[in-house]
Amino acid sequence: MRKPWIGGVLAAVLLLGACGDPGSGGTSNEAAPKPPPAAGPSKSPGPSAPASPSASPTARQRVADTSHAKAPKVLYLGDSLAMENQTVLGDLLRTGLGARYRSAPYSGTTLCDYLDGTGEDSLVPDKDKAAALVREERPDVVVLQFWGNAWGYTPCMDGITYDKERQKYFDRYAADAKALAAQIGEAGGADGPRIVWVLQGPDPITPDRVRRVNGIYAAQARASGGIVADAGRAVAPAAGRYTWVEQLPCTAYEKKNPAYCTEPGSGRTALHRGDDYLHFCLAPTTAKSRPCPARSPGIRRMTAEITRAVGEAG
């Protein structure tokens, strides 16, 4: 589906600005730090859409005239990163693009959890499978954000883990990406949705794994007419796309909005909590998954890039 959303909308969008693998042994030319252990995946996943903690958009961030463009309908699926991002992303999509929006992320999931036919081996119930939601919602765009959970937490991976069977893990992930794109396309019909594949940020434990998973997403986008949103670049240093850091220099937006520039004396802002190298929510991880309740620079950076990509998906 090709909708004329981009036009003047992108200018407004530009103004707007799960879970990792505990296995070791990844290789990279870029040195990775040794962060403290991340909190484990939640065992109470599920979709949610409470009120947003983010600041109200300013007049400059609002789209002045959308009378000549149909607002996109967006469906957002993913794991714990999508779970914590979902409310802020919804705010930016509605503010920047006038979008209609639904999210249904589940923490701890992989691509296979959203495939039809996985049944009891999936952390996602049948009513929230990707194809089922596409048939129900008839979205223009489906945004997929998956870190690439790789330790066998989700049963539908059949015990395949990056740490023990690396090539088999990548082969399976590529096959699942292809199958999920096909199921979304079939459910949407001839005028079905376009898929936005979200590229992930650096992983300090297995940096090469994330690099290759991102490559799978980019290849699938090329093969099936989708696009990529390189949200991971927004939380990586300019000099190293796959180099993990806990803080980055504040952006112009963050300097103008001090709640997002957490270390104003140094001109830097925190992307992660000191006890969680993976997630970008600056509030503590809880037993029950939830959208992030705290203003978090990393989340806003990533969702602004996703919003920009959705604007280009028309």
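So, here's what we can say about the structure. (Residues numbered from 1 in each chain as written. Predicted model: local features only at pLDDT ≥ 70, side-chain atom pairs only at ≥ 80, totals over all residues. Heavy atoms only, no water.)

**Some points on the overall build of the protein chain**
Summing up its helical and strand segments, the protein chain has seven helices and seven strands in all. Counting over 314 residues, the protein chain shows a buried share of 55%. Total accessible area computed for the protein chain in this model is approximately 12,800 Å², and 52% of it derives from carbon and sulfur atoms. (Helix = DSSP H or I, 4+ residues; strand = E, 2+ residues; numbered from the N terminus. Buried < 20%, exposed > 50% of the residue type's maximum accessible area, 1.4 Å probe, protein only. Areas by Shrake-Rupley, 256 points an atom, 1.4 Å probe, with all protein chains shown as cover.)

**Notes on the pairing of strand β4 (residues 194-198)**
Across the five residues that make up β4, a large majority, five, are buried. Bridge count between strand β3 (residues 141-145) and β4: four bridges; the pairing is parallel. Directly across from Val143, in β4, lies its bridge partner Val196. As paired strands, β4 and strand β5 (residues 227-229) are joined by three bridges and run parallel to one another. Its bridge partner lying in β5, Val198 is registered against Ala229. As a crossover connection, the stretch from β4 through helix α5 (residues 207-224) into β5 is right-handed. (Pairing = 2+ DSSP bridges. Right-handed = clockwise from strand over helix to strand, strands pointing away.)

**Points about the sheet that holds β4**
Taken together, five strands build an open sheet; the order of strands is β2-β1-β3-β4-β5 and the sheet is parallel. With partners counted over all chains shown, the strands left at the sheet margins are β2 (100-103) and β5, one partner each. Recorded for the sheet is a direction-independent mean angle of 25 degrees between the axes of neighbouring strands. (Axes fitted to C-alpha atoms, helices over the stretch in contact; angles between N-to-C directions.)

**Some thoughts on the state of the cysteines**
Enumeration according to the criterion identifies three disulfides in this entry. Covalently, Cys250 is tied to Cys261 through a disulfide, its sulfur atoms 2.0 Å apart. Disulfide Cys250-Cys261: torsion about the S-S bond near 90 degrees, hence right-handed. Of this pair, Cys250 sits in the loop between β6 (247-249) and α6 (252-256) while Cys261 sits in the loop between α6 and β7 (268-270), placing them 11 residues apart in sequence. Considered together, Cys250 and Cys261 belong to a single accessibility category, that of buried residues. Note on cysteine connectivity: Cys281 is disulfide-linked to Cys292, with sulfurs 2.1 Å apart. When the S-S torsion is 80 degrees, as for the bridge of Cys281 with Cys292, the disulfide is right-handed. (Disulfide = S-S within 2.5 Å.)

**What to know about the packing of helix α2 (residues 80-97) against helix α7 (residues 297-312)**
When two helices pack together, their arrangement is given by the angle between the helix axes and the distance between those axes. In contact at an axis separation of 9 Å, α2 and α7 are set at 45 degrees when each is read in the N-to-C sense. It follows that α2 is oblique to α7 by the angle criterion. α7 is crossed by α2, and the crossing has right-handed handedness. Contacts between α2 and α7 pair Glu84, Asn85, Val88, Leu89, Leu92, Leu93 and Leu97 from the former with Ile299, Arg300, Met302, Thr303, Ala304, Ile306, Thr307, Val310 and Gly311 from the latter. Considering only residue class, the contact of α2 with α7 consists of 10 nonpolar, four polar and two charged. (Parallel < 35°, antiparallel > 145°, perpendicular 65-115°, else oblique. Left-handed = near helix turned anticlockwise from the far one by under 90°. Contact = heavy atoms within 4.5 Å. Nonpolar A, V, L, I, M, F, W, Y, C, P; charged D, E, K, R; others polar.)

**Digging into the side chain of Arg172**
As for its position among the elements, Arg172 is in helix α4 (residues 166-188). Contact partners of Arg172, with chain neighbours within four places excluded, come to Cys112, Cys156, Met157, Asp158 and Ile160.

**Some remarks on the environment of Thr251**
Position of Thr251 relative to the elements: it lies in the loop between β6 and α6. A residue is classified by how much of its surface remains accessible, and Thr251, at 28% relative accessible area, is partly exposed. Thr251 sits 10 residues away from Cys261 along the chain, and the two C-alpha atoms are 8.1 Å apart.

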